[in-house]
Amino acid sequence: MDVTIYHNPACGTSRNTLALIRHAGIEPTVVEYLKTPPSREQLAEMTRDAGLTVREAIREKGTPYSDLGLDDLTLTDDQLLTAMLEHPILINRPFVVTPMGTRLARPSEAVLDILPAEAFKSAFTKEDGETVLDEEGRRIV
């Protein structure tokens, strides 16, 4: 299965999402988007395909969001995309793209919606100790 994760290794949610993908036996294409940001077209497409608005795809915490005045609701999607590409830390993470769909995997287990359920055969516990798959690989709700 062709899977791409737009990853920030410093982010626990991103690390957990990557670990879940690998737990499914899939070695994804890992794009460290802070080093290699997506193109404007890719970012717009991922955002749209994930069912988000551009504003919903922006990360506020730990970013120059406020300093750049991005809380101004009159800014257009094009202006927001420009800011995200100029400051990739503003791109919320992790985005995951698979043939089954695109998700902003927040929380990390949101990635389960776009991976084949039958790929999971055992329990999975996130870094913080939260178990998200039981011993048979079924999602814990």
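This structure is a prediction, so every number in the text was calculated from the model and none was measured.

Q: Mind laying out the overall build of the protein, listing which residues take part and the relevant values?
A: Scanning the protein for helices and strands turns up 3 helices and 6 strands. Each helix and strand of the protein, placed in order from N terminus to C terminus, yields the pattern β-α-β-α-α-β-β-β-β. Looking at the protein residue by residue over its 141 residues, the buried ones come to 44%. A sequence separation of at least 24 residues applies to 57% of the contacts in the protein between residues at least 6 apart. Looking at the protein as shown, the accessible area adds up to about 7,300 Å², and 49% of this sits on carbon and sulfur atoms. For the protein, the centre of its 15 positive side-chain charges and the centre of its 23 negative side-chain charges are spaced 3 Å apart.

Q: Residues and numbers for the nonpolar core, please.
A: Counting 19 residues, the largest nonpolar core has M84, L90 and F95 as its most contacted members. Mapped by element, the contributors of at least two residues to this core are α2 (40–49) and α3 (77–86). With 4 residues, the top contributor of residues to this core is α3. Those residues within four positions of F95 in sequence are excluded, and the remaining contacts are T4, I5, Y6, M46, T47, A50, L52, A57, T102, R103 and L104. Of all hydrophobic cores here, the second largest spans 17 residues; its members include A24, V96, I114 and L133.

Q: Hey, could you go over helix α1 (residues 12–23) for me, with residue numbers and the actual values?
A: When the terminal C-alpha atoms of α1 are compared, their 16 Å separation across 12 residues agrees well with the 16 Å that a helix rising 1.5 Å per residue should span. Those residues of α1 not exposed but buried are S14, N16, T17, L18, L20 and I21. Elements in contact with the buried residues of α1: β1 (4–7), β2 (29–32), β3 (95–98), β5 (124–125) and β6 (131–133). G25 occupies a position one or two residues after α1 and carries a positive phi of about 85°.

Q: Mind laying out the pattern of salt bridges, listing which residues take part and the relevant values?
A: Side chains bearing opposite charge may pair, as long as their charged atoms lie close to each other. A complete count under the given rule lists 10 salt bridges for this structure. Each of R103, D113 and R139 takes part in a single network of salt bridges with overlapping partners.

Q: How would you summarise the pairing of β3 if you had to cite specific residues and measurements?
A: Sheet analysis places β1 next to β3, joined by 3 bridges and oriented antiparallel. Among the inter-strand pairings, I5 is bridged to a residue of β3, identified as V96. Pairing between β3 and strand β4 (residues 101–104): 4 bridges, direction antiparallel. Paired with T98 across the strands is G101, a residue of β4. Here β3 hands over to β4 after 2 residues, the two strands then running antiparallel side by side.

Cut-off values and rules
- Residue positions are given per chain, counted from 1 along the sequence in the order it is written.
- Local features in this predicted model are restricted to residues of pLDDT 70 or higher, and side-chain atom pairs are both shown and tallied only at a pLDDT of 80 or more, whereas totals for entire chains, interfaces and linings draw on every residue.
- Hydrogens and water molecules were not included; the side-chain quantities draw on all heavy atoms of the structure.
- A run of H or I in DSSP counts as a helix once it spans at least four residues, and a run of E counts as a strand once it spans at least two, with each numbered from the N terminus.
- Exposure is judged per residue with a 1.4 Å probe applied to protein chains only, and the accessible area is read against the type maximum: over 50% gives exposed, under 20% gives buried, and values in between give partly exposed.
- Two residues qualify as a contact provided that any one of their heavy atoms is within 4.5 Å of a heavy atom in the partner residue.
- Only the protein chains shown count as cover for residues, with accessible areas throughout obtained via the Shrake-Rupley method and a probe of 1.4 Å.
- Residues scored as positive are Lys and Arg, those scored as negative are Asp and Glu, and His as well as the terminal groups of each chain are ignored.
- By convention, charge coordinates are those of NZ in Lys, CZ in Arg, CG in Asp, or CD in Glu.
- Nine residue types can take part in a nonpolar core, namely buried Ala, Val, Leu, Ile, Met, Phe, Trp, Tyr and Cys, and a core is a set of them joined through side-chain atoms within 4.5 Å.
- Helix span is expected to be 1.5 Å times the residue number reduced by one.
- Just to be clear on terms, a salt bridge is a Lys or Arg side-chain nitrogen sitting within 4 Å of an Asp or Glu carboxyl oxygen.
- Note: two strands are recorded as paired if DSSP finds a minimum of 2 bridges between them.

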